[in-house]
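Residue-level structure breakdown
Here is how the chains run, residue by residue.
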Amino acid sequence: MEIRDRINRLRETMKEERIDYYLIPTADYHNSEYVNEYFKVREYFSGFTGSNGTLLVSRDEAGLWTDGRYFIQAGKELEGSGIILYRMQEEGVPTIKEYLAEHMKENETLGFDGRVVTASYGAELEKALQNKNITIRYEKDIAGSLWEDRPALPCAPVVILPEEICGENAAQKLDKIRAKMKEQQCSAHLLAKLDDLMWLLNIRGGDIECNPVALSYGYVTMTECSLFIQKEAVSEKLQEYADKWHITLKGYDEIEDFLRRAPEEKVLLDDKNINYTLYRILLKKAQTVSGMNPSEVCKAVKNPTELACMENVYLKDSAALCRFICWLKNNIGKIPINEYSAAMKLDGFRKEIDGFLDLSFPTISGYKENAAMMHYEATQSVHKELAAEGMLLVDSGGQYLGGTTDVTRTIVLGEISAEIKKHFTAVAVGMLRLTNAVFLYGCTGRNLDILAREPLWSMGIDYKCGTGHGIGYILNVHEGPQNIRWRYSEGVREAVIEAGMVISNEPGVYKEGSHGIRTENIIVARNGEKNGDGQFMYFDTLTYVPIDLDAVDTSYMQPMDIEQLNAYHKKVYEKISPYLEEEERVWLKEATRPVHK
């Protein structure tokens, strides 16, 4: 009833404001994937807690659009709310644009907070509705203003990274950006994507849980760099650092007035990551050039210093997960363990690692059918007890002074069915085949996805998400532009896989009400042989954690697959055993034993 009451209050305000449809996305002012509590307006009005979803409210209907990662979770969380679930990209399900084009009447009004809608999506809505003379109202945060006891805007101190772990200083990075601006014949660059800004200036923040970023905007010209940041986040050290690299610090809330008063310039921006409000201000006086932020690719291609630090961090992080699996296998059925306490145990192993800063996302610990919800999160009050049967899926990672980690393992706790073993083996085979890919430079992730997905497709099974995403460096656990996915989507950028890009490799099986399986390693692209046919490439592995042999059925594996599994496990033991105690080494030796047909 609480959600219904909130939506009814929103409808009353919509009526007063003469707004017929109101859109509430999951976003902050910077199009961040994960957002601080202050920005969880969609969650407040829908009750859906997933990280991706958009709520659309009209005078007589409310609908929530989300992707395949959250179908099961959203179905449960929306029960009783009266909100209709629209499963994105499923057959017969309209997009929000299609829904609005069909349902909105001539001369009606669409409302949203322009600061949490991207410029590109705002332009798409304009185009989709142009034949109906629709008015768009974006100046007010109507929904947010109705949120009682809304949390305060976050503001954590800004940290300056040691130069020796960055590989390049801020001046060198700014020179790269200015060179790209020059190529585009632009005299200014507006930057709002938080991880891009943090990378560019070698700083980090704490304004989003598990994502070390600070709410900020950047405006770069050929001679100046302005950083718009909350004044409370500015320390004496940050001011000195800014002065050293000729960075002018301005107030976070000054950005709109600054753009209104800025000289008429040709401004480079990423319309997929600049909000609609700022874009509309710029359109009134500046010429804009839309394209990917130059920092996006620069950030994605890790330099030798970053890669060396990440390789070291991943060994220690892998050892922590190995210690956890050993502990879990030895104690299941002997002491009380639940999904939440298991997650806390693993988090504790990570916190013992030198340089640990934070988790890279809240640990996902799903037992049996809960693992079928890709982003399920157990809590201290809501969780399942573990028993010596079935499987536990654990997806986890850490932020360290030297890298960001992400790894998933599905762990056998006791008896499992032959069908589950079949699914588990297909997932492992797909992950290893992608790991061992050799490909020509110029491939994107769409060329490579089939290697991981084919073993499952051949069984008539698919997973409703991509196979891989980029990994940040002491930054967001999800970053672009690189990814591995099969589906072509109009308007979605594809990036060529470059040497130095770090990517996740995580096929899976998710059977509602039964089980979920995911095996995830992190891989880094390398240049291989170059000959008359071109530059060949391959992947190196950063993650070294055993794949649970208790769930592997070699009858579903080709000889090549068995060789790849055994070769991987041999490396796991060689690289990780020095980090473990004797009892843990004994376990790891058995966990990485060779298998045969």
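Here the structure is a predicted model, which means the values were calculated and not measured.

A count of helical and extended segments in the protein chain gives 18 helices and 28 strands. The globule rule puts the C-alpha radius of gyration for 597 residues at 25 Å, and the 25 Å found for the protein chain is close to it. If you line up the protein chain on its principal axes, its C-alpha atoms span 70 × 55 × 50 Å. Within the protein chain, the fraction of its 597 residues that count as buried is 58%. Sequence-distant contacts in the protein chain: of pairs separated by 6 or more residues, those separated by 24 or more amount to 70%. Accessible surface, the protein chain: about 25,100 Å² in total, of which carbon and sulfur atoms supply 47%. Here the protein chain contributes 70 positive and 91 negative side-chain charges, whose respective centroids are spaced 2 Å apart.

Attention shifts here to the environment of V289. Mapped onto the elements of the fold, V289 is located in strand 14 (residues 287–290). Taking the C-alpha atoms as reference points, V289 and Y219, 70 residues apart in sequence, are found 14 Å from one another. Excluding its chain neighbours within four sequence positions, the residues that come into contact with V289 are Q184, C186, K266, V267, L268 and L269.

Another point: the pattern of salt bridges. Under the defined criterion, the tally for this structure stands at 40 salt bridges. R433 is paired through a salt bridge with D561; the nearest N and O atoms lie 2.8 Å apart. Linking R433 in helix 15 (residues 418–435) with D561 in helix 17 (residues 559–576), this pair joins segments that are 128 residues apart in sequence. Judged by relative accessible area, which is 1%, D561 ranks as buried. Connected via shared salt-bridge partners are K193, D195, D196, E296, K299, K302 and E479.

Summed over all chains, the structure comprises zero disulfides. Cysteine C186 shares no disulfide, and the gap to the nearest cysteine sulfur, in C298, comes to 15 Å. You can call C186 buried: its relative accessible area is 4%.

What follows is about helix 16 (residues 445–457). The end-to-end C-alpha separation of helix 16 is 17 Å, in line with the 18 Å expected for 13 residues at 1.5 Å each. Within helix 16, the axis deviates most sharply at L451, by approximately 40°, and proline P455 lies no more than four positions further along. Every buried residue of helix 16 is accounted for by G445, L448, D449, A452, R453, P455 and L456. Buried residues belonging to helix 16 abut helix 15, strand 21 (438–440), strand 23 (479–484), strand 25 (508–511) and strand 28 (534–541).

The topology assignment puts T405 in the loop between strand 19 (403–404) and strand 20 (407–412). Polar side-chain contacts of T405 include one of 3.0 Å to the side chain of D317. Within the structure, T405 has its side chain in polar contact with the backbone nitrogen of G398 (distance 2.7 Å). Those residues in contact with T405 that lie beyond four places of it in its chain are V313, Y314, D317, R350, S360, F361, S396, G397, G398, Y400 and V477.

Bringing the nonpolar core into the picture now. By size, the foremost hydrophobic cluster in this structure holds 76 residues, and its most contacted members are F324, L328, L386, F539 and I576. Per-element accounting of this core gives the leading share, eleven residues, to helix 13 (residues 304–331). If near-sequence neighbours (up to four positions away) are discounted, L386 is found in contact with L328, I332, I337, N338, E339, A342, Y367, L392 and L413.

Turning our attention to empty space enclosed by the protein. Scanning the model with the defined rule gives two cavities of 30 Å³ or more in all. As a volume, the largest cavity reaches approximately 110 Å³. Lining the largest cavity are 13 residues, and of these I24, V41, D113, V116 and D141 lie nearest its centre. Sorting elements by how many residues they give to the lining of the largest cavity places strand 1 (residues 21–24) first, with three residues. Here the lining of the largest cavity is built from residues that sort into ten nonpolar, no polar and three charged. If you add up the space inside the second largest cavity, you get close to 40 Å³. As for the second largest cavity, its lining consists of Y21, L56, V57, S58, E61, A62, G63, W65, Y86 and Y99. Of all the secondary-structure elements, those providing two or more residues to the lining of the second largest cavity are strand 2 (54–58) and strand 3 (62–66). Residues of the lining of the second largest cavity, tallied by class, amount to seven nonpolar, two polar and one charged.

An order of 4-3-2-1-5-6 is seen for the six strands of this open sheet, with the pairing classed as mixed. The open sheet terminates on both sides in strands that have one partner only, identified here as strand 4 (84–87) and strand 6 (135–137). Ignoring which end each strand starts from, the neighbouring axes of this sheet average 20° apart.

A separate point is helix 14 (residues 339–351). With 13 residues, helix 14 extends 19 Å between its outermost C-alpha atoms, agreeing within 8% with the 18 Å of an ideal straight helix rising 1.5 Å per residue. Among all positions in helix 14, only E339, A342, A343, L346, D347, F349 and R350 are buried. Angularly, the buried residues of helix 14 cover 155° about the axis, an arc narrow enough to put them on a single face. Tucked inside the fold, the buried residues of helix 14 contact helix 13, strand 15 (356–359), strand 16 (364–367), strand 17 (391–396), strand 18 (398–400) and strand 20. Regarding helix 14, its N-cap is N338, as a side-chain oxygen of that residue lies 2.9 Å from the backbone nitrogen of Y340 further along.

The rules behind each value
Residues numbered from 1 in each chain as written. Predicted model: local features only at pLDDT ≥ 70, side-chain atom pairs only at ≥ 80, totals over all residues. Heavy atoms only, no water. Helix = DSSP H or I, 4+ residues; strand = E, 2+ residues; numbered from the N terminus. Rg over C-alpha atoms; globule rule 2.2 N^0.38 Å. Buried < 20%, exposed > 50% of the residue type's maximum accessible area, 1.4 Å probe, protein only. Contact = heavy atoms within 4.5 Å. Areas by Shrake-Rupley, 256 points an atom, 1.4 Å probe, with all protein chains shown as cover. Lys, Arg positive; Asp, Glu negative; His and termini not counted. Charge placed at Lys NZ, Arg CZ, Asp CG, Glu CD. Salt bridge = Lys/Arg side-chain N within 4 Å of Asp/Glu carboxyl O. Disulfide = S-S within 2.5 Å. Expected span 1.5 Å × (residues − 1). Bend = angle between axes of the 7 residues up to and from the residue. Polar contact = N/O pair within 3.5 Å; in protein donor to acceptor, adjacent residues only side chain to side chain. Core = buried A, V, L, I, M, F, W, Y, C linked by side-chain atoms within 4.5 Å. 1 Å grid on protein atoms, 1.4 Å probe; cavity = no way out; pocket = protein on both sides within 12 Å on 5 of 7 lines; lining within 4 Å. Points joined across faces, edges and corners; volume = space filled by probe spheres on them. Nonpolar A, V, L, I, M, F, W, Y, C, P; charged D, E, K, R; others polar. Pairing = 2+ DSSP bridges. Axes fitted to C-alpha atoms, helices over the stretch in contact; angles between N-to-C directions. Arc of directions from axis to C-beta.

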